[in-house]
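# Structure assessment
In case you want the letters, here they are:
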Amino acid sequence: MIPLTFDPIYSQLSLPPRHRFPIQKYQGIFDALCREGVPASAFQSPIPVTTDALTEYYDHDYIHALTQGLLDAKAMRRIGFKWSEQLIKRSLTAVGGTCLTAHNALEHGLALNLTGGYHHAFASFGSGYCLFNDLYLAARSMQTQPGIDNILIIDCDVHQGDGTAHLAENDASVFTVSLHGEKNFPHRKQHSNLDMGLPKHCHDAEYLDTLDTTLHLIERCFSPDAVIYDAGVDIHTDDDLGLLDITTDGVFERDTMVLNWCKKHKLPVACVIGGGYQRDIEALVKVHLQLFRAAGVTEAAYSPG
């Protein structure tokens, strides 16, 4: 059984009307998976990450100010949320979920978190709805296990994983790859180990060809022991913020290609769902479900026999 990580708190955050962040989608993905027959036993609830775990790699003053509600208004505006105790609790739980997923991947070969991909968070500030960078923390957490030295982060969110790239800039053991829209947020890009910028209105064929090239380039540059995959769906043609024209089938092919590449190289892979910003939550959930179908979580994976 493929382990899945979820807690209802993922979607339990009160936001102003018309707020851009689609907080309901996490519960929506869980509900959809349950309707498709995924048993309750597949889901694990994470333990919130501790501030001590965060400050091992991230700036102590920033973590303290953010968690205690002392961060100034400008810094909170950069993050995109109004501070609340619930915001902090939710964010710590989501990061804990990615770390749990990472360890489940090492044990089972594949695991998925129903949130995650907070790749715009830097060591000393948050940005773009990201408070704490779960991807880099999960990578370092994986490295505490025997035989796991080198981690590959494949980020296919439409927005460049700038925070992750900067955190791993001087860390040769974490190789960052970002396949993103070149003319999109963040306006100031950081330097991943491998950046593949895509033009506006890129279609399926060009996108998948670029991904294939990217995977071949990784093979020349790095020998990972495990993979973290950010499967953001804001590349979708109906996404409000994406500026690309990738179909739902294209999203499924992308996820299948990445997971098959990991399987081919016998690499455990921890998946997070990343961004996706359609206001139609039902439609957005359907696009996110492509990752779970590519992973074999839905349909035949849990059928009798």
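The paragraphs below set out a description of the structure included in this document. Keep in mind it's a predicted model, so treat the numbers as computed, not measured. (Residues numbered from 1 in each chain as written. Predicted model: local features only at pLDDT ≥ 70, side-chain atom pairs only at ≥ 80, totals over all residues. Heavy atoms only, no water.)

## Section: the packing of helix H1 (residues 25–35) against helix H10 (residues 281–294)
- At a minimum axis distance of 9 Å, the contact between H1 and H10 shows a crossing angle of 60°. Of the two possible hands of crossing, H1 and H10 adopt the one that is right-handed. When H1 is examined against H10, the residues Lys 25, Gly 28, Ile 29, Ala 32 and Leu 33 are found in contact with a partner set consisting of Ile 281, Leu 284, Val 285, His 288, Leu 289 and Phe 292.
- For the contact of H1 with H10, the residue count by class is 8 nonpolar, 2 polar and 1 charged. (Axes fitted to C-alpha atoms, helices over the stretch in contact; angles between N-to-C directions. Helix = DSSP H or I, 4+ residues; strand = E, 2+ residues; numbered from the N terminus. Left-handed = near helix turned anticlockwise from the far one by under 90°. Contact = heavy atoms within 4.5 Å. Nonpolar A, V, L, I, M, F, W, Y, C, P; charged D, E, K, R; others polar.)

## A word on the packing of aromatic side chains
- Counted under the stated rule, the structure contains 12 aromatic pairs.
- A centroid spacing of 4.7 Å and a plane angle of 65° characterise the contact between Phe 30 and Phe 43, whose relative ring orientation is edge-to-face. With a gap of 13 residues between them, Phe 30 in helix H1 and Phe 43 in strand S2 (residues 43–44) connect regions that are remote in the sequence. Just as Phe 30 is buried, Phe 43 falls in that class too.
- Each residue in the set Phe 6, Tyr 10, Phe 21, Tyr 26, Phe 30, Phe 43, Phe 81, Tyr 129 and Tyr 277 is aromatic and connected to the rest through ring pairs, giving one cluster.
- In this structure, Lys 25 packs its charged tip against the face of Tyr 277, placed 5.9 Å from the ring centre. (Phe/Tyr/Trp six-rings, centres within 6.5 Å; stacked < 30°, edge-to-face > 60°. Buried < 20%, exposed > 50% of the residue type's maximum accessible area, 1.4 Å probe, protein only. Lys NZ or Arg CZ within 6 Å of the ring centre and 35° of its normal.)

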